[in-house]
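Chain by chain, the residues run as shown.
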Amino acid sequence: MKIKSVKFEKIYYRYFEPFTISLGTHEDQENIEVRLELEDGTVGLGEASTLFVISGETVEIMMQAEKTVREMIVGEDVESYGKLFSRLQQLRATPAIKAAVEFAIIDAFCKRIGIRPYQFFGGAKDHIETDLTVGIMDLEKTLKKVKKIYEDGFRVIKIKVGKNFKEDVERVVESKKIAPEAAFVVDANQGFTPKEAIEFANILHSERVEVVVYEQPVNRYNIEGLKLVRFNSPYPVAADESVFTKYDALRLIKEEAVDFINIKLMKSGVSDALAIVHLAQSAGVQLMIGCMGESSLGINQSIHFAAGTGAFAYHDLDAHLSLDEKTFRGDFRQEGPHIYL
């Protein structure tokens, strides 16, 4: 069945509250919905979401890719998705668009043959558990939010750090007291020097905080620094912003610079994300999956990918819970941290 049309549409969302990381504060989010239609009327949907400070993409840049995408795939058979994915590798400057278009192709293909996307990806699981993220905020607000998250049943909590060393230490240590049975993902978003990152980890360890992933502690380009932290941290170290493509992942694996890789479809697209899964599994590197600012439609992509591959130790798929979204559009059911397909 041939692809009849591809259309992009900008969708605007507001965050329920300002979301701050070491790279800046975000109050709203503009995403692009990709609608792909086959000749028989079957529709596949995808969503692109990005943060300029991380990927360098803007909505305007992504919208300009519409004509290029149309020329690449309209008139082609959706069943030939491998060929289409190869063509879409040209969208290196807009990986979020690549992800949205690739998933729209998969979505349409799955509807045609009567399966769901997680089954396309392997059907390893039909249930995953996500964490919930606490942005950078003062101690009082942090503890109030951690308490609410813990009471709602989340047992993995992600805390953003990297702006103020002393305050960040206090926020994480005191959060442990509020949520004694929780494990923590600590994410610096490149906010530390290698020396600061090692000291930060050692302080938390001395306070007996259970950190299961220490995410992107140093600048994305400082691979030697990342490796230094990895070999001097009591916690497993993850790369996030350091890995966009499969080639980035291969380099970090060869350099022995990480224990974990955080895959985000918005950084890599679906096809590179699959390649990174296979690389990591071959090398014994663990995986987590994250998100940017996706709505329920966009986060749906990562949920199906994560469940279908069954490849991830931790899931950070909570962006949709922070957005004031009028209509839920995901193909999943969520009960607290538990997500069912």
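The coordinates are above.
Residues numbered from 1 in each chain as written. Predicted model: local features only at pLDDT ≥ 70, side-chain atom pairs only at ≥ 80, totals over all residues. Heavy atoms only, no water.

1. Some details on helix 9 (residues 194–206)
Helical periodicity: at 3.6 residues per turn, an α-helix aligns residues three or four positions apart in one direction.
Stage number 1. Here helix 9 is 13 residues long and its end C-alpha atoms lie 18 Å apart, about the 18 Å a rise of 1.5 Å per residue gives.
Stage number 2. Those residues of helix 9 lying buried are Pro-194, Ala-197, Ile-198, Phe-200, Ala-201 and Leu-204. The buried residues of helix 9 all sit within an arc of 160° when viewed along its axis, so they share a single face. Summarising the geometry of helix 9, the exposed residues directed more than 90 degrees from the buried face are Lys-195 and Ser-206. (Helix = DSSP H or I, 4+ residues; strand = E, 2+ residues; numbered from the N terminus. Expected span 1.5 Å × (residues − 1). Buried < 20%, exposed > 50% of the residue type's maximum accessible area, 1.4 Å probe, protein only. Arc of directions from axis to C-beta.)

2. Let's talk about the packing of aromatic side chains
Stage number 1. Following the criterion strictly, the structure yields 13 aromatic pairs and no others.
Stage number 2. Ring geometry for Phe-121 versus Phe-305: centroids 5.1 Å apart, planes at 70°, classification edge-to-face. Here the residue Phe-121 occupies a position in the loop between helix 6 (117–120) and strand 4 (127–129), and Phe-305 occupies one in helix 13 (residues 296–309), the gap between them amounting to 184 residues.
Stage number 3. Taking relative accessible area as the criterion, Phe-121 reaches 10% and is therefore assigned buried.
Stage number 4. Accessibility expressed as a relative area gives 0% for Phe-305, which makes it buried.
Stage number 5. Here the aromatic residues Tyr-81, Phe-85, Phe-109, Phe-120, Phe-121, Phe-305 and Phe-312 are joined through ring pairs into a cluster of three or more.
Stage number 6. Across the ring face of Tyr-150, the terminal group of Arg-155 is positioned such that the distance to the ring centre comes to 3.8 Å.
Stage number 7. Directly above the aromatic system of Phe-231 lies the positively charged group of Arg-230, at a separation of 5.0 Å from the ring centroid. (Phe/Tyr/Trp six-rings, centres within 6.5 Å; stacked < 30°, edge-to-face > 60°. Lys NZ or Arg CZ within 6 Å of the ring centre and 35° of its normal.)

3. Some words on the nonpolar core
Stage number 1. Core analysis: the biggest nonpolar cluster contains 103 residues, and Ile-73, Ile-97, Tyr-214 and Ile-261 have the highest contact counts within it.
Stage number 2. When neighbours within four sequence positions are excluded, Tyr-214 is seen to be in contact with Val-186, Phe-192, Ala-197, Phe-200, Ala-201, Val-229, Ser-233, Tyr-235, Pro-236, Val-237 and Ala-238.
Stage number 3. If you look at the next biggest cluster of nonpolar residues, it comprises 8 residues, including Ala-183, Val-185, Val-212 and Met-288. (Core = buried A, V, L, I, M, F, W, Y, C linked by side-chain atoms within 4.5 Å. Contact = heavy atoms within 4.5 Å.)

4. Focus on the pattern of salt bridges
Stage number 1. Taken as a whole and assessed by the stated rule, the structure comprises 27 salt bridges.
Stage number 2. The partner of Arg-230 in a salt bridge is Asp-259, with the nearest N and O atoms 2.9 Å apart. Highlighted residues: Arg-230 in helix 10 (residues 223–232) and Asp-259 in the loop between helix 11 (246–255) and strand 10 (260–263), separated in sequence by 29 residues.
Stage number 3. Through salt bridges with shared partners, a single ionic network connects Lys-158, Lys-160, Asp-187, Glu-215 and Asp-316. (Salt bridge = Lys/Arg side-chain N within 4 Å of Asp/Glu carboxyl O.)

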